[in-house]
Amino acid sequence: MCLESLPCFSFNLAAFPDNNDKLLCEHLPSDKYNNSEKFIPSNAFHHFSTWSPCSAVVCGNNGKCVALYNENSYVCLCKEGFTGRNCETDIDECASSTSSPCQNSGTCINVIGAFQCQCLEGFIGARCEIVAPECASYITLDARDRSVHYIGKKKCDNNLTAEWYRFQGEAGRQMATTCLPTHRCNTDLTGWMNGSHPNVEDGIVKRQVCFHGYENCCYKTTTIDVRSCGAYFVYRLNKFSHCKTRYCGTG
């Protein structure tokens, strides 16, 4: 009767007879492949499923199998980024010769099930769609004596204006994130960021900067803003009146 009824994908048979010594049979328009959100377990019935074309099918990469009973066949509903009979093929989103998912001249890089955009300076976002002013306009810190490898104790960052800065050149690629010995980067109290660098999607985050002195890695502290611009980081630094203290670069 279930096979002759549409739609009937499974049926329940009562575990115990009723008062007339009959077993209640219930046709269901659902099973684990079809309308599964309506499929509710019950201890009052024994459950039976009709054979499904999906029984012997594995849809790859978390695809979902949908049975086509009239055709004795199936289709796999693939997750975004995959295609093929069984969702076995990764789609190369970067292969189109007419359009790229990356905006503003970003470079598309295909990865399994998705893509990544390598953005030009000044642009961020999954598709390089966001123009971040601080990523396009910043002050460069590239002095050799700002590197963690430079030993000295002469300079102080008491003349910095509250602007966005980027470490480059011989100063390094980014601010140091581990406690440094004193008298590095040409200052007495060496400044390092107490925390990890953010990802692009994190936007602008707050971080504590510690200055090492008198055998205390955080003898003095201040709070700065940090943003990932994809290929580099920018920092909104504050001048520090206590001398001699300095923000140190590494990498």
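Residues numbered from 1 in each chain as written. Predicted model: local features only at pLDDT ≥ 70, side-chain atom pairs only at ≥ 80, totals over all residues. Heavy atoms only, no water.

A. Representation of the sheet that holds strand S18 (residues 233-236) within the structure. Across the sheet, seven strands lie side by side as S12-S13-S18-S17-S16-S15-S19; this open sheet has mixed pairing. A single partner strand is all that each edge strand has here, and the edge strands are strand S12 (139-141) and strand S19 (245-247). The average angle at which neighbouring strand axes cross in this sheet is 40°, direction not considered. Relative to strand S13 (residues 164-167), S12 runs parallel, the two being bridged by three bridges. (Pairing = 2+ DSSP bridges. Helix = DSSP H or I, 4+ residues; strand = E, 2+ residues; numbered from the N terminus. Axes fitted to C-alpha atoms, helices over the stretch in contact; angles between N-to-C directions.)

B. Region of the structure containing the sheet that holds strand S3 (residues 45-49). Spatially, three strands are ordered S2-S1-S3 in an open sheet, and the strand pairing comes out antiparallel. Both outer strands of the open sheet, strand S2 (25-28) and S3, are each paired with one neighbouring strand and no more. Each adjacent strand pair in this sheet contributes to an overall mean axis angle of 20°, direction not counted. Sheet topology places strand S1 (residues 10-14) next to S3; five bridges connect them, and they run antiparallel. Residue Asn12 lies in a different strand from S3, and its bridge partner there is His47.

C. Examining the state of the cysteines more closely. Evaluated as defined, the whole model comprises eleven disulfides. Shown here is the disulfide that connects Cys119 with Cys128, its sulfur atoms set 2.1 Å apart. Across the S-S bond of Cys119 and Cys128 the torsion is about -90°, and the bridge reads as left-handed. Lacking any disulfide linkage, Cys25 is separated from the closest cysteine sulfur, that of Cys8, by 7.8 Å. Residue class for Cys25 comes out partly exposed when judged on its relative accessible area of 41%. (Disulfide = S-S within 2.5 Å. Buried < 20%, exposed > 50% of the residue type's maximum accessible area, 1.4 Å probe, protein only.)

D. Geometry of the environment of Arg236. Within the secondary structure, Arg236 sits in strand S18. Residue classification places Arg236 among the partly exposed positions, given a relative accessible area of 32%. Each C-alpha atom, one on Arg236 and one on Val200, is 16 Å from the other, the two residues being 36 residues apart in sequence. For Arg236, the residues in contact, after removing those within four places along its chain, are Ala162, Glu163, Trp164, Ile224 and Asp225. Side-chain polar atoms of Arg236 contact the backbone oxygen of Ala162, separated by 3.4 Å. (Contact = heavy atoms within 4.5 Å. Polar contact = N/O pair within 3.5 Å; in protein donor to acceptor, adjacent residues only side chain to side chain.)

E. A look at the environment of Val58. The topology assignment puts Val58 in the loop between S3 and strand S4 (64-68). C-alpha separation for the pair Val58 and Gly113, spaced 55 residues apart in sequence, amounts to 18 Å.

F. Representation of the nonpolar core. With 18 residues, the main nonpolar core has Phe167, Met175, Ile224, Tyr235, Leu237 and Tyr247 as its most contacted residues. Considering each element in turn, this core owes the most residues, three residues, to strand S16 (residues 205-213). Not counting chain neighbours up to four residues away, the residues in contact with Leu237 comprise Leu141, Leu160, Thr161, Ala162, Glu163, Tyr165, Met175, Ile224 and Tyr247. Core analysis: the next-biggest nonpolar cluster, separate from the first, contains nine residues, Cys54, Cys59, Cys65 and Cys87 among them. (Core = buried A, V, L, I, M, F, W, Y, C linked by side-chain atoms within 4.5 Å.)

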